[in-house]
Amino acid sequence: MQARPDFRTMTTGVRLSLCAVLAGAGFFFTTVPSASAEEGMRSGMTCGMGISAAKAGLGAAAVTPQPTQASSQSAQPATDSPPTKVPMPPGPAPEGMVWITGGEFWMGAEEFPDAQPWHRVSVDGFWMDKTEVTNDQFAKFVKATKYVTVAEQAPRPEDFPGAPPENLVAGSVVFSPPDHPVKLNNHFQWWSYVKGANWRHPEGPNSTIKDRGNYPVVHIAYQDALAYAKWAGKRVPTEAEFEFAQRGGLEKKPYAWGDELKPGGKFMANTFQGHFPEKNTKEDGHERAAPVASFPPNKYGLYDMAGNVWEWTSDWYRHDYYQTLVSQGPLARNPQGPVDSLDPSEPGVKKKVHRGGSFLCTDQYCARYIAGGRGKGEPDTGTNHVGFRLVRDAR
């Protein structure tokens with residue numbers, strides 16, 4: 001078995017400031033956090049760090065975090081009546097979906113502080129998309145509804161006070177690696193706000209999704225995913241549903257496929273190889289997002305539940321949420337997430353949970369392709385490594 005690094009000892013840094021770009025700053029940010037600051041932010045490390053300030057107000061006063069509130073989810077004692085489960089598919093499978101039989105499982109990950117402690121969770125059965133939503137699928141939605149994504153809309157002046165009008169242009173955040181090795185505590189060296197970047201133009205206005213119809217759609221904000229879900233008659237999965245499905249019935253395994261990252265030397269997911277962030281050696285065949293279903297499915301028949309692109313869940317992010325669940329009883333039934341959001345590395349910035357990791361995940365920096373690993377992002381911010389898939393309740 002391959003040894004896994006201790007991600008609790010890895011450090012993180014500051015976030016990319018899109019507002020600084022909109023305000024006309026010559027460079028995003030010049031301050032690198034001190035070692036002590038890095039120590040305090042370990043639990044928040046993901047390959048998406050450096051993004052969330054993209055929608056923060058320039059010079060805005062920090063918001064004082066609110067006290068921890070009791071979650072609205074149901075976490076009941078194990079002696080209560082069992083949850084309703086539908087062991088067999090409740091009818092024919094909707095196109096492109098598989099039935100996930102509900103049940104109990106151990107939720108968490110020992111590698112990441114915000115994914116501890118391990119705790120028992122029960123979820124009811126649900127249908128889940130086999131793959132991430134693709135460009136072709138999203139294009140059908142846009143054609144039918146004339147929907148315009150967040151990234152295709154110019155930022156509002158009231159959200160970015162002091163920004164020159166000429167800087168308030170539509171765009172999104174794109175992974176833009178440097179051409180030389182850099183320290184991993186300054187994320188501004190590999191994230192850029194690119195004017196004209198959106199789902200149709202993933203790397204910027206000169207890029208296209210032509211011949212990428214079966215790639216996951218990216219630059220999707222949470223509200224974009226909700227709009228698509230409403231049109232499709234589906235919903236965004238909870239964090240617990242995603243992890244239950246991701247594990248495919250494998251209890252406490254580090255990967256969605258078992259114990260080893262590369263069983264028999266075979267790549268099982270689209271992740272980052274080489275030296276992060278400047279050199280991706282593409283040993284798995286992909287430099288950025290890959291066509292969906294490029295790698296083997298897990299035991300539930302789901303593709304890309306690790307790597308490729310991060311996926312939205314409906315839960316608000318709190319670093320201490322699992323501790324709250326454990327305090328409420330030995331078994332959490334269909335948890336819906338906390339009622340508020342708190343990320344200690346960015347107090348006052350509300351975030352939703354991302355799951356699955358992306359093509360940027362690497363054991364050098366962010367290895368949240370590990371089952372149970374948690375990411376997070378502001379609901380109104382998409383990037384070229386964030387997409388989604390949906391679920392549907394039994395009917």
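Residues numbered from 1 in each chain as written. Predicted model: local features only at pLDDT ≥ 70, side-chain atom pairs only at ≥ 80, totals over all residues. Heavy atoms only, no water.

## A short note on the environment of S192
Defined as follows: To qualify as a helix, a DSSP run of H or I must reach at least 4 residues; to qualify as a strand, a run of E must reach at least 2; elements of each kind are numbered from the N terminus. Between N or O atoms, a polar contact is any pair within 3.5 Å; within protein, one atom must be a potential hydrogen donor and the other a potential acceptor, and residues adjacent in sequence are included only when both atoms are from side chains.
With respect to the element layout, S192 can be found in strand β6 (residues 191-195). In this structure the side chain of S192 is engaged in a polar contact, spanning 3.5 Å, whose partner is the side chain of S176.

## Looking at unusual backbone geometry
As a reminder, the rule being used: Only protein chains enter the accessibility calculation, which uses a 1.4 Å probe. A residue is then buried if its area is under 20% of the maximum for its type, exposed if over 50%, and partly exposed in between.
Residues Q116 and P117 are joined by a peptide bond in cis, for which omega reads 0°. Checked against the element boundaries, P117 lands in the loop between β2 (103-107) and β3 (119-123). With omega at 0°, the peptide bond leading from F276 into P277 counts as cis. With respect to the element layout, P277 can be found in the loop between β7 (274-275) and β8 (279-280). The phi dihedral of K146 falls on the positive side, at around 65°, and the residue is not glycine. The residue K146 is located in the loop between α3 (135-145) and β5 (171-175) in this model. Given a relative accessible area of 67%, K146 falls into the exposed group. Phi at N334 is positive, roughly 50°, even though this residue is not glycine. As for its placement among the helices and strands, N334 is situated in the loop between β10 (331-333) and β11 (352-355).

## Looking at the sheet that holds strand β14 (residues 391-393)
This is how it is decided: Whether two strands pair depends on DSSP finding at least two bridges between them. A fitted line through C-alpha atoms serves as each axis, taken over the contacting stretch for helices, and the angle formed by two N-to-C directions is quoted from 0 to 180°.
The 3 strands lie next to each other as β1-β4-β14, forming an open sheet whose pairing is antiparallel. Of all the strands in the sheet, just β1 (97-100) and β14 have a single pairing partner and so form its edges. The average angle at which neighbouring strand axes cross in this sheet is 25°, direction not considered. Direction of pairing for strand β4 (residues 126-129) relative to β14: antiparallel, over a ladder of 3 bridges.

## Some details on helix α5 (residues 239-247)
Across the 9 residues of α5, 9 count as buried, placing the element largely inside the fold. Regarding α5, the residues found buried are E239, A240, E241, F242, E243, F244, A245, Q246 and R247. Downstream of α5 by one or two residues, G248 has phi in the positive range, about 60°.

## A word on the nonpolar core
To be explicit about the condition: Among buried residues, those of type Ala, Val, Leu, Ile, Met, Phe, Trp, Tyr and Cys that are joined through side-chain atoms within 4.5 Å constitute a nonpolar core. Here a residue-residue contact requires only that any non-hydrogen atoms of the pair lie within 4.5 Å.
In terms of nonpolar packing, the biggest core is built from 60 residues, with I100, M128, F138, I220, W312 and F388 touching the most fellow members. Once residues lying within four places of it in the same chain are set aside, the contact partners of M128 are G96, M97, V98, I100, P237, F242, A245, L302, M305, R389, L390 and V391.

## Quick look at the packing of α3 against helix α4 (residues 222-232)
Our working rule: Orientation categories follow fixed angle ranges, with anything under 35 degrees roughly parallel, anything over 145 roughly antiparallel, 65 to 115 roughly perpendicular, and all other angles oblique. Polar here means any residue outside two lists: the nonpolar Ala, Val, Leu, Ile, Met, Phe, Trp, Tyr, Cys and Pro, and the charged Asp, Glu, Lys and Arg; Gly therefore counts as polar.
Packing of α3 against α4 brings their axes to within 11 Å, and their N-to-C directions diverge by 80°. It follows that α3 is roughly perpendicular to α4 by the angle criterion. Contacts between α3 and α4 involve Q137, F138, K140, F141, A144 and T145 on the former and, on the latter, A227, Y228 and W231. Here the contact of α3 with α4 is composed, by residue class, of 6 nonpolar, 2 polar and 1 charged.

## A short note on the confidence of the model for the protein
Basically, it comes down to this: Confidence scores labelled pLDDT are given residue by residue by the predictor and lie between 0 and 100.
Averaged over all residues, the pLDDT of the protein is 82; the fraction at 70 or higher stands at 78%. Counting contacts from residues 52-84, a segment whose pLDDT is below 50, to residues more than four positions away or on other chains yields 82 contacts.

## Remarks on the pattern of salt bridges
Selection rule: A pair is scored as a salt bridge if a Lys or Arg side-chain nitrogen falls within 4 Å of a carboxyl oxygen belonging to Asp or Glu.
By the definition in use, this model includes 21 salt bridges. Of the charged contacts in the structure, one is a salt bridge between R120 and E104, with a shortest N-O distance of 3.2 Å. Remark: E104 occurs in strand β2 and R120 occurs in strand β3; sequence separation between them is 16 residues. Judged by its relative accessible area of 21%, R120 falls in the partly exposed class.

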